[in-house]
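Observations on the three-dimensional arrangement
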Amino acid sequence: QVQLVESGGGLVQAGGSLRLSCAASGRTFSTVTMGWFRQAPGKEREFVAAISRSGSSPYYADSVKGRFAISRDNPKTTVYLRMDSLKSDDTAVYYCAATGKNGVGRQTGWYDYWGRGTQVTVSS
């Protein structure tokens, strides 16, 4: 089992920045792949970014590439999502996800554990 708790969401103006954090517990952190997803009202949950166990391989959705950066601190058992140049389309609940599977996936079904989410609202 892995427990995930997100933090760092909030209200920000378009063009601004936020950093989300996800604290993990319950399993050796370096053995899980981590991901970030988001869900806007009336839309399906979508992939944002993911990072391999070692942190050497980040992956991004095209919609956030060049603006968002995922990273992880294995000793602190935390994964981060730095979001810059935010747009109103980025408004959503952001979820942290984890899996013990080897490799990185972009589908919600790839991940076994989920946090409760943190709201990000970008005002235009």
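Now for a description of the structure that goes with this document. Keep in mind it's a predicted model, so treat the numbers as computed, not measured.

Before going further, it helps to spend a moment on the pattern of salt bridges. In total, this model carries six salt bridges according to the counting rule given. Measuring nitrogen to oxygen at the nearest pair gives 3.2 Å for the salt bridge that ties Asp62 to Lys65. Since its relative accessible area comes to 65%, Asp62 is described here as exposed. Where salt bridges share partners, they join Arg38, Glu46, Arg67 and Asp90 into one cluster.

Moving on, we come to the sheet that holds strand 7 (residues 68-73). Here four strands make up an open sheet; going across it, the order is 1-3-8-7 and the pairing antiparallel. A strand with exactly one partner marks an edge of an open sheet, and here the two such strands are strand 1 (3-7) and strand 7. Across the sheet, the mean angle from the axis of one strand to that of its neighbour is 15°, orientation sign disregarded. Note that strand 1 and strand 3 (residues 18-25) share five bridges and pair antiparallel. Within the sheet, the bridge partner assigned to Glu6 lies in strand 3 and is Cys22.

Counting residues in hydrophobic clusters, the biggest one holds 36 residues, and the most contacted among them are Leu4, Met34, Trp36, Val79, Leu81, Met83 and Tyr94. Contributing elements (two or more residues each) for this core: strand 3, strand 4 (33-39), strand 5 (46-51), strand 7, strand 8 (78-83), strand 9 (92-99) and strand 11 (118-123). Those residues in contact with Met83 that sit more than four places away from it in its chain are Gly16, Ser17, Leu18, Leu20, Arg67, Phe68, Tyr94 and Val120.

With that settled, the discussion passes to the environment of Arg72. Along the polypeptide, Arg72 turns up in strand 7. Owing to a relative accessible area of 13%, Arg72 belongs among the buried residues under this scheme. Between the C-alpha atom of Arg72 and that of Asp84, which follows or precedes it by twelve residues, the distance is 17 Å. Not counting residues up to four positions away in its chain, the partners in contact with Arg72 are Phe29, Ser30, Val32, Thr33, Met34, Ile51, Ser52, Arg53, Ser54, Gly55, Thr78 and Val79. At a separation of 3.4 Å, a polar atom in the side chain of Arg72 contacts the main-chain carbonyl oxygen of Arg53.

Cut-off values and rules
Residues numbered from 1 in each chain as written. Predicted model: local features only at pLDDT ≥ 70, side-chain atom pairs only at ≥ 80, totals over all residues. Heavy atoms only, no water. Salt bridge = Lys/Arg side-chain N within 4 Å of Asp/Glu carboxyl O. Buried < 20%, exposed > 50% of the residue type's maximum accessible area, 1.4 Å probe, protein only. Pairing = 2+ DSSP bridges. Helix = DSSP H or I, 4+ residues; strand = E, 2+ residues; numbered from the N terminus. Axes fitted to C-alpha atoms, helices over the stretch in contact; angles between N-to-C directions. Core = buried A, V, L, I, M, F, W, Y, C linked by side-chain atoms within 4.5 Å. Contact = heavy atoms within 4.5 Å. Polar contact = N/O pair within 3.5 Å; in protein donor to acceptor, adjacent residues only side chain to side chain.

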